[in-house]
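Spelled out from the first residue to the last, the chains are:
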Amino acid sequence: MVESKEQIFEELSRLIAPFNIKGVPITPATDIAADLNIDSVAVMDFVMEIEDRFDIDIPLNLLAEIRTMDELTQVVRERIERGGSA
Amino acid sequence: MSDLFDKYRDIAGRHRQMMAMTGGDNAVGLVMERMLSPTRAVIGGRETILAGTNNYMGITFDPDCIEAGKQALDAYGTGTTGSRIANGSYGIHRELEQELARFLKRKHCIAFTTGYQANLGMIAGLAGPNDTVFLDADSHSSIYDGCTLSGARLVRFRHNDAEDLDRRLTRLANSGEEKGGRLVVLEGIYSMLGDRAPLADFVEVKRRHGFALMVDEAHSFGVLGENGRGLQEETGLESEVDFVVGTFSKSIGAIGGFGAGDHPMFDVIRYASRPYMFTASSSPSSVATATEAVRKLAAEPERRERLRRNAARLHESFRDLGLELGCPVPSPVIAVRGPDEPSTIAMWHSLLRAGVYVNIALPPGTPGKACLLRCSVSAAHTEEDIDRIVAVFRDVVAQPRLAVAGE
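Residues numbered from 1 in each chain as written. Chains lettered and ligands numbered in written order. Predicted model: local features only at pLDDT ≥ 70, side-chain atom pairs only at ≥ 80, totals over all residues. Heavy atoms only, no water.

Q: Where do I start with the side chain of Glu99(B) in this structure?
A: Residue and element names in this part refer to chain B. For Glu99, the location among the structural elements is in helix α4 (residues 91-104). For Glu99, a relative accessible area of 11% gives the class buried. Within the structure, Glu99 has its side chain in polar contact with the side chain of Arg295 (distance 3.0 Å). If near-sequence neighbours (up to four positions away) are discounted, Glu99 is found in contact with Thr291, Val294 and Arg295. (Helix = DSSP H or I, 4+ residues; strand = E, 2+ residues; numbered from the N terminus. Buried < 20%, exposed > 50% of the residue type's maximum accessible area, 1.4 Å probe, protein only. Polar contact = N/O pair within 3.5 Å; in protein donor to acceptor, adjacent residues only side chain to side chain. Contact = heavy atoms within 4.5 Å.)

Q: Would you mind going over the packing of helix α12 (residues 284-299) of chain B against helix α13 (residues 301-320) of chain B with me for this structure?
A: For any two helices packed against each other, one specifies the crossing angle of their axes together with the interaxial distance. All names here are of chain B. Two numbers describe how α12 lies on α13: the axes approach to 5 Å, and their chain directions differ by 75°. Classified by the angle between their axes, α12 and α13 sit roughly perpendicular to one another. Contacts between α12 and α13 involve Lys296, Leu297, Ala298 and Ala299 from the first element and Pro301, Glu302, Arg303 and Arg304 from the second. The residue makeup of the contact of α12 with α13, split by class, is four nonpolar, no polar and four charged. (Axes fitted to C-alpha atoms, helices over the stretch in contact; angles between N-to-C directions. Parallel < 35°, antiparallel > 145°, perpendicular 65-115°, else oblique. Nonpolar A, V, L, I, M, F, W, Y, C, P; charged D, E, K, R; others polar.)

Q: In this structure, what is going on with the pattern of salt bridges? I would like to understand it.
A: If the charged atoms of two oppositely charged side chains come close together, the side chains can form a pair. Scanning all chains against the criterion turns up 50 salt bridges over all chains. In this structure, Asp70(A) and Lys5(A) form a salt bridge, with 3.3 Å as the shortest nitrogen-oxygen distance. Taken together, the residues span a long stretch of sequence, with Asp70(A) in helix α5 (residues 69-83) and Lys5(A) in helix α1 (residues 5-16) at a distance of 65 residues. Judged by its relative accessible area of 29%, Asp70(A) falls in the partly exposed class. Connected via shared salt-bridge partners are Glu49(A), Glu51(A), Asp52(A), Asp55(A), Arg158(B), Asp164(B), Arg167(B), Arg168(B) and Arg171(B). (Salt bridge = Lys/Arg side-chain N within 4 Å of Asp/Glu carboxyl O.)

Q: How should the pairing of strand β8 (residues 212-216) of chain B be read in this particular structure?
A: Residue and element names in this part refer to chain B. Most of β8 is tucked away: four of the five residues are buried. What joins strand β7 (residues 182-187) to β8 is helix α8 (residues 199-209), and the crossover it makes is right-handed. Across three bridges, β8 lies against strand β9 (residues 243-247) in parallel orientation. Within the sheet, the bridge partner assigned to Asp216 lies in β9 and is Val245. (Right-handed = clockwise from strand over helix to strand, strands pointing away. Pairing = 2+ DSSP bridges.)

Q: Would you explain the confidence of the model for chain B in this entry?
A: Low pLDDT marks stretches whose predicted atomic positions should not be read closely. Counting all residues, the mean pLDDT for chain B is 95, and 98% of those residues have values of 70 or more. Across residues 402-407 of chain B, confidence stays below pLDDT 50; counting only partners more than four residues off in sequence or on other chains, it has zero contacts. (pLDDT = per-residue confidence, 0-100.)

Q: Before we go on, may I ask you to explain the interface of chain B and chain A in this structure?
A: Accessible area lost during the coming together of the parts is what is often quoted as the interface size. Across the contact, 19 residues belong to chain B and 18 residues belong to chain A. Regarding the contact of chain B and chain A, the summed buried area is about 1,600 Å², with carbon and sulfur atoms giving 43% of it. Broken down residue by residue, the surface that chain B buries against chain A is led by Arg156(B), Arg158(B) and Arg171(B), which jointly contribute 39%. Linking chain B with chain A are 11 salt bridges, by the criterion used here. (Buried area = accessible area lost by both parts, 1.4 Å probe.)

Q: Sorry, what's going on with the confidence of the model for chain A here?
A: Confidence along chain A averages 89 in pLDDT terms, with 93% of residues attaining 70 or more. The least confident element of chain A, judged by mean pLDDT, is helix α4 (residues 60-63) of chain A at 89; the most confident is α1(A) at 95.

Q: What is the right way to read the pairing of strand β10 (residues 257-261) of chain B from this model?
A: Strand residues, when the strand is regular, have side chains that alternate between the two faces of the sheet. Residue and element names in this part refer to chain B. For β10, a buried count of five out of five residues is recorded, marking the element as mostly surrounded by other parts of the structure. Here β10 shows two buried faces, one formed by Gly257, Gly259 and Gly261 and the other by Phe258 and Ala260. Pairing analysis gives five bridges linking strand β4 (residues 108-112) to β10, with the strands arranged antiparallel. Across the sheet, the residue bridging to Ile110 is Gly259, located in β10.

Q: Before we go on, may I ask you to explain the sheet that holds strand β13 (residues 359-361) of chain B in this structure?
A: Strand-to-strand pairing in sheets goes through backbone hydrogen bonds, with the strands running parallel or antiparallel. Residue and element names in this part refer to chain B. Strands sit in the order β11-β14-β13 across an open sheet of three strands; the sheet is antiparallel. Only two strands of the sheet have a single partner each, and these edge strands are β11 (333-337) and β13. If you compare each strand with its neighbour and ignore which way they point, the axes differ by 30° on average. With three bridges connecting them, β13 and strand β14 (residues 372-376) associate as antiparallel partners. Counterpart to Asn359 in the pairing with β14 is Arg374. In this fold helix α14 (residues 341-353) packs onto β13 and β14, with an angle of close to 35° to the strand it touches most, β14.

Q: Honestly, α14(B) in this entry has me stumped. Any pointers?
A: Residues spaced three or four apart along an α-helix face the same direction, because each turn holds 3.6 residues. Residue and element names in this part refer to chain B. In a regular helix each residue adds 1.5 Å, so 13 residues correspond to 18 Å; α14 covers 18 Å between its end C-alpha atoms and thus fits that length. Looking at α14, one finds that the buried residues are Thr344, Ile345, Met347, Trp348, His349, Leu351 and Leu352. Two residues or fewer after α14 comes Gly355, characterised by a positive phi angle close to 95°. (Expected span 1.5 Å × (residues − 1).)

Q: Please clarify how the environment of Glu81(A) should be interpreted in this entry.
A: Residues and elements named next belong to chain A. Position of Glu81 relative to the elements: it lies in helix α5. The class of Glu81 is partly exposed, set by a relative accessible area of 48%. Taking the C-alpha atoms as reference points, Glu81 and Arg53, 28 residues apart in sequence, are found 15 Å from one another.

Q: Please clarify how the environment of Ser220(B) should be interpreted in this entry.
A: Residue and element names in this part refer to chain B. Within the element layout of this structure, Ser220 appears in the loop between β8 and α9 (231-234). Given the relative accessible area of 0%, Ser220 is considered buried. C-alpha separation for the pair Ser220 and Asp166, spaced 54 residues apart in sequence, amounts to 25 Å. Those residues within four positions of Ser220 in sequence are excluded, and the remaining contacts are Gly188, Ile189, Gly228, Gly230 and Leu231.

Right, dumping it as structure tokens:
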């Protein structure tokens with residue numbers, strides 16, 4: 001079953017919690033690197049968690065284009081629909 | 001418009017803090033005022049044991065290597081003044097590549113100017129925008145950078161987890177997005193924790209899915225295997241490894257790097273890989289010392305044996321002290337976990353003041369956000385050196401834990 005945008009956002013907010021050390025409130029506008037002060041390695045680890053949770057593949061090359069939680073939600077949704085495996 | 005350096009405020013602040021904690025001793029910019037031997041230097045006016053140099057074979061002061069370097073200086077001058085593609089190769093370049101190919105039992109070998117460029121050159125030479133590179137999450141930055149330069153689709157799998165790679169390969173195959181070829185990159189010994197890739201597990205996955213396998217033997221070349229051909233030799237899986245990469249700055253004691261393989265088209269990488277084409281070749285003296293050092297690695301297996309003994313002695317002694325180590329199996333890279341960043345910096349500094357130089361490794365450059373005191377062992381260390389390193393670690397690093405245990 002393909003999750004709704006809201007469900008995906010909620011799930012991503014849950015997955016990012018261990019990386020959100022300062023406990024910054026997560027909104028769709030949250031800038032993942034800048035607002036949460038997450039280093040590049042942690043971002044890649046977060047992406048790995050997302051890949052496993054949704055059984056999708058987010059190539060590292062795509063990361064440069066993703067800044068906010070909303071953009072990430074969009075990418076995850078597109079890739080779930082494309083892969084059809086989630 | 002902001003200042004270009006604004007983005008570095010955090011990193012500069014962190015460095016200032018480290019300098020303040022160590023009274024100006026710069027953990028990431030340490031100066032060795034004088035080299036006394038492969039394992040001794042004068043640092044801050046004090047004679048110091050070097051336990052953080054990657055000089056695995058202790059070959060940097062080998063008289064034959066030094067002589068070969070001097071002869072090359074006389075015969076070929078100080079520099080090559082350009083790229084081998086544009087400005088030509090010297091006979092000694094070919095000699096080095098042939099010596100390495102012979103040592104590795106590979107048909108082809110290309111020498112690069114640095115080890116960093118060897119990974120850049122091989123990965124960007126092998127993979128292009130339509131291909132997919134699968135890289136271990138704990139890969140060295142040169143591998144990440146080579147992947148970026150290649151323009152290939154990049155998929156990162158969990159460290160040393162062949163099942164995870166299997167899952168990701170399956171996912172890619174099912175996605176319908178796959179176009180070109182597949183390259184999987186592993187390391188023989190991982191530089192931070194000293195752990196090895198479980199090569200047999202990855203070879204199983206290779207048999208199921210099919211891909212080109214490249215192993216970066218930077219820390220294992222000259223070290224592992226009966227003849228020093230690295231993890232691929234130690235595991236008896238050389239025929240499954242398509243490409244080998246290595247550096248001259250560790251076991252070889254010089255500067256440079258190499259890529260090797262048996263593919264009939266291997267040499268085309270010279271004409272297709274930017275990190276080979278658009279950079280000056282390393283100096284004649286470095287090329288010549290590297291060639292001599294490769295001969296030494298082949299002719300003097302006792303260096304490997306001494307290194308193995310020293311690594312085992314240090315690893316076991318550290319374990320006896322109750323130190324938390326990066327890897328349960330001894331290798332020339334022995335990392336001791338520190339409790340947190342400030343304590344690890346303080347420990348590094350106390351070790352240095354007591355005459356033992358090790359590396360400090362802090363996040364984000366370390367796996368799992370570890371704070372590490374990273375030691376590298378040399379065949380040139382004596383047993384007394386190893387015991388001295390252990391004694392200083394006992395006083396500096398194990399001390400607080402012993403005190404807690406005794407309460």
